[in-house]
Amino acid sequence: MTVTSVVGLQWGDEAKGKIVDILTDSHEIVVRYQGGNNAGHTVKFDGETYKLSLLPTGILRPGVTAVIGNGLVVNPEALLKEMKSLTDRGVRCDGGNLLVSDRAHVILPYHIVEDAVFEKRRGAEAIGTTGRGIGTAYRDKALRSHAIRIGDLYHPASFRSRLTEIVAAKNLMLKALDPNVETLDAEAIFASYTDYAEQIKPHVIDTTAYLHKALKAGKNMLFEGAQGSLLDVDHGTFPYVTSSNSSSAGIHSGSGIPQRAINRMIGIVKAYTTRVGGGPFPTELNNATGQHIRDVGHEYGTVTGRPRRCGWLDGVATSYGARICGVDEIAVMLLDVLAQLDELQICEAYEIRGERTTDFPSHVEDLEAAKPIYRTIPGWKQDITGARKLSDLPSGARRYVDTVAELMGLPVKFISIGPDREQTILL
Ligand code: IMP
């Protein structure tokens, strides 16, 4: 039995979806365990491009059951829209292949309003959220008294009275923070969420119990991380993070499956670094090379369309991500994007106020002060998108991959040199 985890080791958008898609051939169940519709996965499949946000990538594979675990925050309207966009294209998406945890928390309209209000109030220090109400829904989960779980939607009397109480409090708080904000109507929210609940009912179960039975039956299971380890609320670049454990730390709490059940932990590393939203980024390139990487790599957000900040690969940050996740092997993604550059740089250490370190700082101001110390690698000026085995790669590209493996102290098992499934070198 294989229980695999695929987790991003940077600030998200490492092309995890492609590796998940390749692995779904040998896995029967794919589980998401954190986040919500802030995530963006692009998968090319049978010549078609699919953009997923809340649904696990595994939904695209016939025979695979996709699970939205208890650790997610679910916007039911967004879920229904995404399901419809798939069924309209002939992808199966019913109660037989898509399961939603009754313990997952619900994103309500006020979470989205609050996300915008809090971001506006932070001004220049805005986190740069996706604006989907993710952080505010997780805050209410931690607060408890303002939280609604998927299972609560099926208890209409208590759901209605709790919603009335919550909305009254939200209106008070929101008006105090921003007098221009529109008043929320509890009855209208109750009516629309009761309708969504009815529509998603065939999918809603106790996914924890389902996953434990599947484990006992020896089914192969894959945990699909969203965002990246450096956006993890505990281990990432706080406060410029998302609100969940987006490193592998979230698997246990977000699915109910103990960490020790996982026997293959794959870390996904983009060959360079990107980040959307605010926060420190030591290897950022605010120059023509950064723009070149953005253009060639199509580095624009799947969810928000925002241009992603681009920079060199950061060996310090990525190795930290790998340590936090307990990674056994890595996949180097989008290597083809780095072709045509004269030389490449990989950060091997930081200098922080005159001190050299390979530790990743815990405080945002120390990371802001970090100056990258680079290792320079000669570039390769040829297209590598047709390579299918290691020996097809020019020596510069091989040296680059070897350097990544050496700096991270981990074996590279996949090299991705284009978006299609075949454009993958397996090692
Ligand atoms: P939130 O998750 O919408 O609260 O946003 C918090 C931070 O996480 C912001 O910097 C977002 O840009 C970032 N973020 C959230 N989801 C993703 C993702 O899927 N890829 C990359 N960054 C993300």
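Right above here is the structure, for reference.
A.B. asks: So what's going on with the site of the ligand? Which residues, and what values?
C.D. replies: Around the ligand, the surrounding shell holds 16 residues, and the nearest of these are Asp13, Asn38, Thr130, Thr242 and Arg306. Residue Gly128 places a main-chain N or O atom 3.3 Å away from an oxygen atom belonging to the ligand. Thr242 places a side-chain nitrogen or oxygen 2.6 Å from an oxygen atom of the ligand. For the shell around the ligand, the residue count by class is six nonpolar, eight polar and two charged.

A.B. asks: Tell me about the state of the cysteines, and name the residues and values.
C.D. replies: In this structure the tally under the stated criterion is zero disulfides. Not part of a disulfide, Cys310 finds its nearest cysteine sulfur in Cys347, a span of 17 Å.

A.B. asks: Could you give an account of helix α1 (residues 16-23), naming the residues involved and the relevant values?
C.D. replies: For α1, a buried count of eight out of eight residues is recorded, marking the element as mostly surrounded by other parts of the structure. The complete set of buried residues in α1 reads Lys16, Gly17, Lys18, Ile19, Val20, Asp21, Ile22 and Leu23.

A.B. asks: Account for the nonpolar core, naming residues and giving values.
C.D. replies: In globular proteins that are soluble, nonpolar side chains generally tend to be buried together. The biggest cluster of nonpolar side chains holds 67 residues, and the ones touching the most others in it are Leu335 and Tyr400. Non-local contacts of Leu335, meaning those with residues more than four positions away in its chain, are made with Ala271, Trp380, Ile384, Leu393, Ala397, Tyr400, Val401, Ile415, Ser416 and Ile417. Counting residues in each nonpolar core, the second largest holds 43 residues, with Leu54, Ile59, Val117 and Tyr196 among its members.

A.B. asks: Provide a residue-level description of the pairing of strand β3 (residues 41-45), including the pertinent values.
C.D. replies: Burial along β3 is one-sided: the face carrying His41, Val43 and Phe45 is buried and the face carrying Thr42 and Lys44 is not. When β3 meets strand β4 (residues 48-52), the two strands line up antiparallel, connected through five bridges. Note that in β4 the partner of Thr42 across the bridge is Lys51. The antiparallel hairpin formed by β3 and β4 contains two residues in its connecting segment, where Asp46 sits at a positive phi of about 45°.

A.B. asks: Kindly report on the packing of aromatic side chains, identifying the contributing residues and their values.
C.D. replies: Aromatic ring pairs are described here by two measures, namely the spacing of the ring centres and the angle between the planes. Overall, the coordinates contain seven aromatic pairs when judged by the stated rule. With a centroid separation of 6.2 Å and 65° between ring planes, the pair formed by Trp380 and Tyr400 is classed as edge-to-face. With Trp380 in the loop between β18 (370-378) and α12 (395-408) and Tyr400 in helix α12, this residue pair connects regions lying 20 residues apart in the sequence. Judged by its relative accessible area of 3%, Trp380 falls in the buried class. Here the aromatic residues Tyr320, Tyr350 and Phe360 are joined through ring pairs into a cluster of three or more. Seen from the ring of Tyr50, Arg89 lies directly overhead, with NZ or CZ sitting 4.1 Å from the centre.

Procedures and definitions
Residues numbered from 1 in each chain as written. Predicted model: local features only at pLDDT ≥ 70, side-chain atom pairs only at ≥ 80, totals over all residues. Heavy atoms only, no water. Near = heavy atom within 4 Å. Polar contact = N/O pair within 3.5 Å; in protein donor to acceptor, adjacent residues only side chain to side chain. Nonpolar A, V, L, I, M, F, W, Y, C, P; charged D, E, K, R; others polar. Disulfide = S-S within 2.5 Å. Buried < 20%, exposed > 50% of the residue type's maximum accessible area, 1.4 Å probe, protein only. Helix = DSSP H or I, 4+ residues; strand = E, 2+ residues; numbered from the N terminus. Core = buried A, V, L, I, M, F, W, Y, C linked by side-chain atoms within 4.5 Å. Contact = heavy atoms within 4.5 Å. Pairing = 2+ DSSP bridges. Phe/Tyr/Trp six-rings, centres within 6.5 Å; stacked < 30°, edge-to-face > 60°. Lys NZ or Arg CZ within 6 Å of the ring centre and 35° of its normal.

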